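# A structural walkthrough
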Amino acid sequence: MNTALTIAGSDSSGGAGIQADIKTMTMNGVYAMSAVTALTAQNTTGVTGIFEVTPEFLGQQIDAVFTDIFPDAVKIGMVSSSALIRKIAESLRRYEAKNIVVDPVMVSTSGAKLIADEAVKTLAEELMPLAVVATPNIPEAEILSGMKISTRDDMMKAGEKINAEYGCSVLVKGGHSVNDADDLLCEGAGKFTWFKGKRIETSNTHGTGCTLSSAIAANLAKGYTLADSVRLAKEYISGALGAMLDLGRGSGPMKHSFNLTGKFAERRNLRAFLTDSVSDIWPEYNNHPFVKGIETGTLDREKFKRYIIQDYHYLNEYSKVFALGIAKTKSLETAKLFTSVIEAIANVEMNNHKGYMGRLGVTQEELDRAERELANQSYTSYMLKVAYEGGEAEILAAILSCALSYEDIAKEMVKNNPASVNDEFYGTWVSIYSGKEYCDLNNVLLSFFEKACEDYGESEMKRLAEIFRTCSLYEMGFWDMGWSE
């Protein structure tokens, strides 16, 4: 199961802070953990007291989490002092934490000041450079950018300034008289994505910032791109606001559990859904003598030569599966994605294979003369059959078995033997399939898979799992083929 850590203050009324974060992460399908920065005495009418933990104790909480259940994402909320901020930054750097979301909380919804003046500068300098994204509202973005924000153009200029200054993407949240709840994601100079939002007429908005940033972190933990993480988080928070929970005498909380048995808790963890279907197969990959030989650098190179020639021909057929996906899709975005994957196969994987062939003395003539072996033919024929008969979801289920298993194998190699990436011969193979570029592409494929099967029922999802599992069995046959004499 994917996991996420929230580092924030406690809200005794349950609408914001740690309490809102845990509810949100749970509803968005990840296991939530926490490190408390402060206790607050507050309710829907305001904050009446703040009691900070010591930096030492905050560090102990973070250590306890990272040394046992390493989080897939980290959300940072209310941190009221420079000493605590420095402790958090120190810990996150030490553990090389990933998918960090910084919600630069400075003022509560009720107007109470939640951070000391000197801590604002420390937060910006220490935490934001570590973040994948920061999520300031308009007043917070004005502080961070040093400029007044009154228009949509101002939001774009502020986003670029913050991005240039601190190196993280920025989600500038609307809703403060600039626009009708539209948010702007800036991922670099001139790289903007607007997220349309319809203002929901309710005074119960306590904890909206905490909730949005936690939902983004949960989606990043599950492997979504940043833009998709924001889109899904916006959709979730609109549902929580639209449920019209009415508690307390002031700015009340949202109903985080508005869809307790619905899609937000279940639909968006399809990586686990797929890999659970092969829980008896994939562990055997990592114990396979061929795979172990790559990991340790001891695999007989003649065996690898046989494998690399067959895999070269496999990739030709694999590309045709994507080509059929282009022909079948009604989405230009999907067609562009599949086209980019074919280009990556041709320009990255194929070049890597040709590099190995050069080192192994394989000529183009020998390569062209080689026939695909039965395990190779059976595997690719099955995938092409799925592609001819099925739609986008079925095609992606077949594709992802190979794509995700190679990522899983290579990452396990690095985990078991960190030096495997430096092996003079096999290190390139391990580096490519465990590398960020390859893994990021898999996350994008998963994101498109989520959309493709969004409306699938139980029987259709079962069929996708069967396709994924069948391809995984063929994958095992491919490793057997490489090892055989």
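In this report, the structure presented in the accompanying data block is examined. (Residues numbered from 1 in each chain as written. Predicted model: local features only at pLDDT ≥ 70, side-chain atom pairs only at ≥ 80, totals over all residues. Heavy atoms only, no water.)

Let's shift gears to helix α6 (residues 152-166). Side chains three or four residues apart in an α-helix point the same way, a direct result of the helix having 3.6 residues per turn. The terminal C-alpha atoms of α6 lie 21 Å apart, and with 15 residues this matches the ideal 21 Å at 1.5 Å per residue to within 8%. Among the residues making up α6, those that are buried are D154, M155, A158, G159, I162, N163 and Y166. The arc enclosing the buried residues of α6, seen along the axis, measures out at 165 degrees, which places them on a common side. Looking at α6, the residues exposed on the side facing more than 90 degrees away from the buried face are D153 and A164. In this fold, the buried residues of α6 make contact with α4 (117-126), α5 (138-145), β7 (169-172), β8 (183-188) and β9 (191-195). Count one or two residues on from α6 and you reach G167, which has phi positive near 80 degrees. (Helix = DSSP H or I, 4+ residues; strand = E, 2+ residues; numbered from the N terminus. Expected span 1.5 Å × (residues − 1). Buried < 20%, exposed > 50% of the residue type's maximum accessible area, 1.4 Å probe, protein only. Arc of directions from axis to C-beta. Contact = heavy atoms within 4.5 Å.)

This paragraph deals with the packing of helix α16 (residues 374-389) against helix α20 (residues 458-483). Axis angle and axis distance: for two packed helices, these are the angle between their axes and the distance between the axes, and together they describe the pair. One can describe the packing of α16 onto α20 by two numbers: an axis separation of 9 Å at closest approach and a directional angle of 160 degrees. On the basis of their axis angle, the class for α16 and α20 is roughly antiparallel. As for the relative orientation of α16 and α20, their crossing is left-handed in sense. Of the residues in α20, those in contact with A375, N376, S378, Y379, Y382, M383 and V386 of α16 are R463, E466, I467, T470, C471, Y474, E475, G477, F478 and M481. (Axes fitted to C-alpha atoms, helices over the stretch in contact; angles between N-to-C directions. Parallel < 35°, antiparallel > 145°, perpendicular 65-115°, else oblique. Left-handed = near helix turned anticlockwise from the far one by under 90°.)

Another point: a nonpolar patch on the surface. On the surface, a cluster of nonpolar side chains totalling about 340 Å² of accessible area is made up of M1, Y31 and I69. Along the chain, M1 falls in the segment before β1 (3-11). Of the residues examined, M1 reaches a relative accessible area of 72% and is grouped as exposed. (Patch = residues over 30% accessible without salt bridge, like charges linked within 9 Å, V, L, I, M, F, W, Y side chains within 5 Å. Areas by Shrake-Rupley, 256 points an atom, 1.4 Å probe, with all protein chains shown as cover. Salt bridge = Lys/Arg side-chain N within 4 Å of Asp/Glu carboxyl O.)

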